[in-house]
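# Structural features, examined
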Amino acid sequence: MQSFVRAKLHGLRVTGADLNYHGSITLDADFCREVGLDPLEFVEIWNKMSGARISTYVLYGAAGSRCCILNGAAARTCQVGDEVIIASATYGSIEDVIARKPKVLIFGPDNAVSDRVTYDVFRDAEGRLDMRILGPGIAG
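What comes next is a walk through the structure.

Criteria and cut-off values
Numbering of residues begins from 1 in every chain and follows the order in which that chain's sequence is written. In keeping with the model being predicted, local features are shown solely for residues with a pLDDT of at least 70 and side-chain atom pairs are shown and tallied solely at 80 or more, while totals for entire chains, interfaces and linings include all residues. No hydrogens and no water enter the side-chain calculation; it runs on all heavy atoms of the structure. Helix and strand assignments come from DSSP, with helices taken as H or I runs of at least 4 residues and strands as E runs of at least 2, each series counted from the N terminus. Here a strand pair is declared whenever DSSP counts at least two bridges between the two strands. Nine residue types can take part in a nonpolar core, namely buried Ala, Val, Leu, Ile, Met, Phe, Trp, Tyr and Cys, and a core is a set of them joined through side-chain atoms within 4.5 Å. Only protein chains enter the area calculation, which uses a 1.4 Å probe; residues under 20% of their type maximum are buried, those over 50% are exposed, and those in between are partly exposed.

## Re unusual backbone geometry
Working note: non-glycine residues mostly have negative phi, and peptide bonds are mostly trans. Here L40, not a glycine, exhibits a phi torsion of approximately 70°, which is positive. Non-glycine residue R66 carries a positive phi angle of around 60°. On the secondary structure map, R66 appears in the loop between strand 5 (53–61) and strand 6 (68–71).

This is how it looks when you write it as structure tokens:
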């Protein structure tokens, strides 16, 4: 078994940090549902500004709020306005990732979704693994 990307939010801006909360990251439920992040699912968070890398679990925030709030100890790793990448993983075989086609949301200012892409892993005509990124304006 291997670990593969299952879902990703790329370039989301931190909208809050609450050191005294009991832990986790609170994310707009709409974002989570679109890419397939589940409540209480563990995720990796990579801060593009500081390089900090942490692991925590997802709490759904208000749908449509565009929130990204680091709670508890995680609040010490980011500042409001920092861009982060949030990714979940799954375990399985390469055939599982070929079937899954992980979804990615890419964010612009004010946490508006600027692009939606899909990671498409496949076997070429000779049976070799290959991949492409599919989305609006992207040649696959």
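That covers the picture; the talk isn't over yet.
## Examining the pairing of strand 8 (residues 103–107)
In regular strands, side chains alternate between the two faces of the sheet. Note: strand 1 (residues 2–13) against strand 8, four bridges, orientation parallel. The residue bridging A7 from the neighbouring strand is K103, located in strand 8. Where strand 8 lies against strand 9 (residues 113–123), five bridges are found, and the strand directions are antiparallel. Paired with I106 across the strands is D115, a residue of strand 9. Once strand 8 ends, the chain turns through five residues before running back antiparallel as strand 9, passing D110 with a positive phi of about 60°.

## Overview of the nonpolar core
Within soluble globular proteins, side chains that are nonpolar generally end up buried alongside one another. Counting residues in each nonpolar core, the largest one holds 22 residues, and the members touching the most others are L9, L12, I25, L27, C68, L70 and I86. Of all the elements in the fold, those that place two or more residues in this core are strand 1, strand 3 (24–28), helix 1 (29–35), strand 4 (42–47), strand 5, strand 6, strand 7 (83–92) and strand 8. Counting residues in each nonpolar core, the second largest holds five residues, with F4, V97, I98 and V121 among its members.

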